[in-house]
Amino acid sequence: MKNSYNVKSKLALLVVIFFTYFGFSQGNDQEQIKKLYDAALTQGKGYDWLNYLSNQIGGRLSGSIQAQQAVNYTKSQLDSLGLDKVWLQPVMVPKWVRGTPEFAYFETTPGVTTNMAICALGGSVATPPKGIKANIIEVDGIEELATLGKDKIQGKIVFFNKPMDPTQINTFNAYSNCVDQRYSGALEASKYGALGVIVRSMNLRLDDFPHTGSMGYGEQSVDDRIPAAAISTNAADLLSTSLKLNPEINFYFKQNCKQFEDVESYNVIGEIRGSSKPEEIILVGGHLDSWDLGDGSHDDGAGCVQSMEVLNLFKKTGYTPKRTIRVVLFMNEENGLRGGTKYAEVAEASNEKHIFALESDSGGFTPRGFTFDSSDKDFDKIKSWKPLFEPYLVHYFEKGGSGADIGPLKKDGLVLAGLRPDSQRYFDYHHAENDTFEHVNKRELELGSASMASLIYLVDTYGF
Ligand SMILES: [Zn+2]
């Protein structure tokens, strides 16, 4: 009887210790996460940084003066945070320039024309100086080119009008399902003798903004390349309706964009050195370059300032990380991914050990959660942290993609993650003239920064 009593009491003691320890530890996490959210919402710097990037610098296409200004500005701001190290990592980037504003119209009968807002796709060649005027033929995506064949396409302009699917709740899925017509439409249509391509903007909303974005010619010889441009969703609907009434419509467009030699630019990097495991690196980042039409507030000014804010919040709340926390503002995500590629090369050559990398490149909207590219074992651990985020209405923890810039780092044992904000409004602004500062909500941006800082705090505390 005595022995059994002893065993029972020891067991009870163990249970008490277990709950005290884990209860205390979880209480600690709750407390630290609350501090991070409070600091983001009351002492955040991200919104002011974004204001400067957007309104004082503007669109930051790789190789432009604005991209260099953004490098200088973000470096100076990181310098002011009292980090252990801030530096620039050189990288050669492509330089493509839009030139004078593009011009387009369609002609229903000779002399009867309707002007259309248009923008060259990034990387496109120019039209001949006088522009291109030809009959235009509509297709519902790349697949339809083969059905029509050379007979119907030769000598014409091809109009890719596959819309984003409105029934997709995650709008990025709708984007992925039709962005091939923007990226490869010109290359594919040229194989059938097309003279140029016009693409419906990647936008779910009906409005008047043409959206640019990257396109490529693969290995195609320069002489065979045909120009590509986007028109707005309203213009696409109008053109489509007009073509149904009169398939003989002519389309005219003129653009004088140009690709120059590569130029030197930089990834901007800063870090807080880990106190007990400095060799283990936790990366947080976004991309500093943007398209040239708007000022790149959502894509990806927001992700850059949120990533910088993570380090600022650790400083503000007096949190001393065990591991090295590194912010990276990547150059040239939009039209080359050179910054992300260079960063991974240097990390590999220097034998650096990254354990976690988080990218924010889906807009500065209300955070819903994160997606993780990881092993099942690591994901199980991450999922156990989910209840800590629920008070902040952040609940979407799923396996999935991370971010373009951190992709080249991918290797076994490294967990990659992406912030997942609400995606419903993202494509209203993406790569268009209206991707501007006033469309970013201060609190939504700050909640994103706090969510990122909280996740990184947990990774730093528990590791993988
Ligand atoms: Zn982006």
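Procedures and definitions
- Residues numbered from 1 in each chain as written.
- Predicted model: local features only at pLDDT ≥ 70, side-chain atom pairs only at ≥ 80, totals over all residues.
- Heavy atoms only, no water.
- Phe/Tyr/Trp six-rings, centres within 6.5 Å; stacked < 30°, edge-to-face > 60°.
- Buried < 20%, exposed > 50% of the residue type's maximum accessible area, 1.4 Å probe, protein only.
- Pairing = 2+ DSSP bridges.
- Helix = DSSP H or I, 4+ residues; strand = E, 2+ residues; numbered from the N terminus.
- Axes fitted to C-alpha atoms, helices over the stretch in contact; angles between N-to-C directions.
- Contact = heavy atoms within 4.5 Å.
- 1 Å grid on protein atoms, 1.4 Å probe; cavity = no way out; pocket = protein on both sides within 12 Å on 5 of 7 lines; lining within 4 Å.
- Points joined across faces, edges and corners; volume = space filled by probe spheres on them.
- Nonpolar A, V, L, I, M, F, W, Y, C, P; charged D, E, K, R; others polar.
- Donors = N, O, S within 2.8 Å, 3.2 Å for Na, K, Ca; no water.
- Tetrahedral: all angles 85-135°; square planar, octahedral: opposite > 155°, others 65-115°.
- Lys, Arg positive; Asp, Glu negative; His and termini not counted.
- Salt bridge = Lys/Arg side-chain N within 4 Å of Asp/Glu carboxyl O.
- Polar contact = N/O pair within 3.5 Å; in protein donor to acceptor, adjacent residues only side chain to side chain.
- Parallel < 35°, antiparallel > 145°, perpendicular 65-115°, else oblique.
- Left-handed = near helix turned anticlockwise from the far one by under 90°.

Caption draft 1: Fine view of the packing of aromatic side chains. Tallying each qualifying case throughout the model produces 26 aromatic pairs. Centroid distance Phe 370 to Phe 372: 6.1 Å. Interplanar angle 45°. Geometry classified as tilted. The class for Phe 372 is buried, based on a relative accessible area of 1%. With centroids separated by 6.0 Å and ring planes inclined at 75°, the aromatic side chains of Phe 370 and Phe 389 adopt a geometry described as edge-to-face.

Caption draft 2: Just the sheet that holds strand E4 (residues 118–120), in detail. Judged by pairing direction, the sheet is mixed, and its eight strands sit side by side in the order E3-E2-E9-E5-E6-E7-E8-E4 without closing on themselves. The sheet is open, and its two edges are formed by strand E3 (112–116) and E4, each paired on a single side. Here the strands of the sheet are splayed against their neighbours by 30° on average, with no regard to which way each runs. The pairing of strand E5 (residues 132–139) with strand E6 (residues 157–160) spans four bridges and is parallel. Across the sheet, residue Ile 136 finds its bridge partner in E6, namely Ile 157. The strands touched by helix H4 (residues 143–153) within the sheet are E5 and E6, with E5 carrying the most contacts at an inclination of about 145°. Helix H6 (residues 180–190) rests against E6, strand E7 (196–200) and strand E8 (228–231) of the sheet, and its axis sits at about 155° to E7.

Caption draft 3: Spatial organisation of the layout of surface pockets. Of the pockets and cavities examined, the largest pocket occupies roughly 1100 Å³. In terms of lining, the largest pocket is formed by 49 residues, of which the most central are Phe 172, Tyr 175, Glu 333, Asp 361 and His 430. Among the elements of the structure, strand E1 (85–97), helix H5 (171–178), H6, strand E10 (258–272), strand E14 (367–373), strand E15 (396–399), strand E16 (415–421) and helix H12 (426–429) are those that each provide at least two residues to the lining of the largest pocket. Here the lining of the largest pocket is built from residues that sort into 15 nonpolar, 22 polar and twelve charged.

Caption draft 4: Local environment of the coordination of the zinc ion. Looking at the metal site, the zinc ion is ligated by His 287 (NE2), Asp 299 (OD), Asp 361 (OD) and Asp 361 (OD), spaced 1.9 to 2.8 Å from it. One can describe the site at the zinc ion as irregular: its four donor atoms subtend angles covering 51 to 146° at the metal. In the primary sequence, the donor residues of the zinc ion line up as H-x11-D-x61-D. A residue pair is termed long-range when its members are at least 10 positions apart, and His 287 in strand E11 (residues 277–287) and Asp 361 in the loop between strand E13 (353–359) and E14 qualify at 74 residues. Exposure remark for Asp 361: the relative accessible area of 14% places this residue in the buried category.

Caption draft 5: Geometry of the side chain of Asp 378. Examined against the element boundaries, Asp 378 turns out to sit in helix H10 (residues 376–383). There is no salt bridge for the buried Asp 378, and the closest opposite charge comes from Lys 377, which lies 4.3 Å off by N-O distance. Ignoring any residue separated from it by four or fewer positions in sequence, one finds Asp 378 in contact with Val 415 and Phe 464.

Caption draft 6: Quick peek at the environment of Asn 441. Among the secondary structure elements, Asn 441 is positioned in the loop between H12 and helix H13 (442–462). Residue Asn 441 is classed as partly exposed on the basis of its relative accessible area, which comes to 37%. Sequence separation of Asn 441 and Tyr 47 is 394 residues, and the distance between their C-alpha atoms is 8.8 Å. Separated by 2.9 Å, the side chain of Asn 441 and the backbone nitrogen of Glu 444 make a polar contact.

Caption draft 7: Spotlight on empty space enclosed by the protein. All chains considered together, the criterion is met by one cavity of 30 Å³ or more. One number sums up the size of the largest cavity: a volume of about 60 Å³. Every residue lining the largest cavity is listed: Trp 291, Gly 294, Asp 295, Gly 296, Asp 299, Glu 334, His 431, Ala 432 and Asp 435. Classifying every residue of the lining of the largest cavity by side-chain character gives two nonpolar, three polar and four charged.

Caption draft 8: Geometry of the packing of helix H2 (residues 46–57) against helix H8 (residues 297–316). At a closest axis distance of 9 Å, the pairing of H2 and H8 adopts a crossing angle of 140°. Between H2 and H8, the angle is such that the two are oblique. Classified by chirality, the crossing of H8 by H2 is right-handed. Note on element contacts: H8 touches H2 through Ser 297, Gly 301, Ala 302, Val 305, Met 308, Glu 309 and Asn 312, opposite Gly 46, Trp 49, Leu 50, Leu 53 and Ser 54. Tallied by class, residues from the contact of H2 with H8 come to six nonpolar, five polar and one charged.

Caption draft 9: Layout of unusual backbone geometry. The amide bond that connects Asp 299 to the next residue, Asp 300, takes the cis arrangement and shows omega of 0°. Mapped onto the elements, Asp 300 comes out in helix H8. The backbone of Leu 337 sits at a positive phi, close to 60°, despite the residue not being glycine. Position of Leu 337 among the secondary structure elements: in the loop between strand E12 (323–330) and helix H9 (338–349). One non-glycine residue, His 431, lies in positive phi territory at about 65°. Given the relative accessible area of 7%, His 431 is considered buried.

Caption draft 10: Quick peek at the side chain of Asp 435. Within the element layout of this structure, Asp 435 appears in the loop between H12 and H13. In this structure, Asp 435 is buried with no salt-bridge partner, the nearest side chain bearing the opposite charge being Arg 60 at 7.1 Å. If we ignore the near neighbours within four places in the chain, the residues touching Asp 435 are Gly 294, Asp 295, Gly 296, Ser 297, His 298, Asp 299 and Tyr 429.

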